[in-house]
Amino acid sequence: GQQVMQIPQYQHVQEGEDFTTYCNSSTTLSNIQWYKQRPGGHPVFLIQLVKSGEVKKQKRLTFQFGEAKKNSSLHITATQTTDVGTYFCAAPNYGGATNKLIFGTGTLLAVQP
Amino acid sequence: DGGITQSPKYLFRKEGQNVTLSCEQNLNHDAMYWYRQDPGQGLRLIYYSQIVNDFQKGDIAEGYSVSREKKESFPLTVTSAQKNPTAFYLCATRRTANTEAFFGQGTRLTVV
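A quick note: this is a predicted structure, and the numbers were derived from the prediction, not measured.

*Asks:* Whenever I open this one, the side chain of Gln 37 of chain A confuses me. Can you help?
*Replies:* Inspection of the secondary structure puts Gln 37 of chain A in strand E4 (residues 32–37). At 2.8 Å, the side chain of Gln 37 of chain A and the backbone oxygen of Gly 41 of chain A are in polar contact. Within the structure, Gln 37 of chain A has its side chain in polar contact with the side chain of Gln 37 of chain B (distance 2.9 Å). Residues within four places of Gln 37 of chain A in sequence aside, it is in contact with His 42, Pro 43, Gly 85, Thr 86 and Phe 88 of chain A together with Gln 37, Phe 88 and Leu 90 of chain B.

*Asks:* So what exactly am I meant to see when it comes to the interface of chain B and chain A here?
*Replies:* Buried accessible area, meaning the area lost when the parts come together, often serves as the stated size of an interface. Counting residues at the interface gives 25 residues for chain B and 24 residues for chain A. Interface area for chain B against chain A, summed over the two sides, is near 1900 Å², with a carbon-plus-sulfur share of 49%. Taking the shortest distance from any N to any O, the salt bridge between Asp 59 of chain B and Lys 100 of chain A comes out at 3.6 Å. Elements that contribute at least two residues to the side of chain B that touches chain A include exactly strand E4 (31–37), strand E5 (43–51), strand E9 (87–94) and strand E10 (101–103) of chain B. In terms of residues, the side of chain B that touches chain A owes the most to one element, E5 of chain B, which gives five residues. Here the side of chain B that touches chain A is composed, by residue class, of eleven nonpolar, ten polar and four charged.

*Asks:* Whenever I open this one, the packing of aromatic side chains confuses me. Can you help?
*Replies:* Aromatic ring pairs are described here by two measures, namely the spacing of the ring centres and the angle between the planes. This structure, assessed with the given rule, holds 13 aromatic pairs over all chains. Both rings, one in Tyr 35 of chain A and one in Phe 103 of chain A, keep their centres 5.1 Å apart while their planes meet at 55°; by these two values the pair is tilted. Of this pair, Tyr 35 of chain A sits in strand E4 while Phe 103 of chain A sits in strand E10 (residues 102–103), placing them 68 residues apart in sequence. The exposure class assigned to Tyr 35 of chain A is buried, which follows from its relative accessible area of 0%. Put simply, the rings of Tyr 35, Phe 45, Phe 88 and Phe 103 of chain A together with Tyr 33, Tyr 35, Tyr 48 and Phe 103 of chain B pair up and form one aromatic cluster. Above the plane of the ring of Phe 74 of chain B lies Arg 68 of chain B, whose end atom (NZ or CZ) is 6.0 Å from the centre. Across the ring face of Phe 88 of chain B, the terminal group of Arg 108 of chain B is positioned such that the distance to the ring centre comes to 4.3 Å.

Rules used in this analysis
- Each chain has its residues counted from 1, running along the sequence as written.
- Labels are handed out in written order, letters beginning with A for the chains and numbers beginning with 1 for the ligands.
- The predicted origin of the model limits local features to residues at a pLDDT of at least 70 and limits the giving and counting of side-chain atom pairs to 80 or more, whereas totals for whole chains, interfaces and linings rest on all residues.
- Excluded from the side-chain calculations are hydrogens and water; all other atoms, namely the structure's heavy atoms, are used.
- Note on conventions: DSSP H or I runs of at least 4 residues are helices, E runs of at least 2 residues are strands, and numbering of each starts at the N terminus.
- Here a polar contact is taken to be a pair of N or O atoms separated by no more than 3.5 Å, where protein atoms must pair a possible hydrogen donor with a possible acceptor and residues adjacent in sequence count only if both atoms sit in side chains.
- Residues are treated as being in contact if the distance between any of their heavy atoms lies within 4.5 Å.
- Throughout, the accessible surface (probe 1.4 Å) given up by two parts as they are put together, summed over both, is called the buried area.
- A pair is scored as a salt bridge if a Lys or Arg side-chain nitrogen falls within 4 Å of a carboxyl oxygen belonging to Asp or Glu.
- Throughout this entry, Asp, Glu, Lys and Arg are counted as charged residues, while Ala, Val, Leu, Ile, Met, Phe, Trp, Tyr, Cys and Pro are counted as nonpolar. The remaining residues, Gly among them, count as polar.
- Here the aromatic set is Phe, Tyr and Trp, taking the six-membered ring for Trp, and pairing holds for ring centres within 6.5 Å; pairs whose planes are under 30 degrees apart are stacked, those over 60 apart are edge-to-face, and all others are tilted.
- Exposure categories follow from relative accessible area, calculated using a 1.4 Å probe and restricted to protein chains: below 20% of the type maximum is buried, above 50% is exposed, and the middle band is partly exposed.
- Lysine NZ or arginine CZ positioned within 6 Å of the ring centre and within 35 degrees of the ring normal marks a charge as sitting over the ring.

What follows is the structure, given as structure tokens:
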């Protein structure tokens, strides 16, 4: 089964509302990455978090890495229609296996104008 | 133009036939990956390779095979043993273990 879970699986918001997706791992992660996949497209890298408790911002996007390095979140403030897509977290060296890149189950974001 | 090329974009095959999906990169990245994505689902790791002539099974390797004879190429064969091969297949590369992944455009395989 999937080792990295994301919730919710799907979120529908009105444009201007906030959105948060949560990523949870059954094991401690060395670092975590976030990707966005537009409908019909391929995943594109957004950011990487390495330190326990780390918080990074990219314009309206805020990324957090949990203190125990087992969970992470992505928060979008004031969503826009351009934010539509599926957001994935990814564990780059899952289970201590160098280079084993495992993706979460993803959260599909729909934004209604 | 640098990047990852997957071909073809769409592929149709009859049930029981083996099919090989191509993935070529000119990024000079060591690590290469194959993922399967089903509608509304996440990316599941099939195989990955860290260097030439070496590869490891991912979480859903059964019914698939790969080779890594050249750094630039990591073809994936979907064999007749794969019970439900219809899916979107994505190839990715990484420069090192702690860098971001770059993806190809994907191949949509339909088995009829």
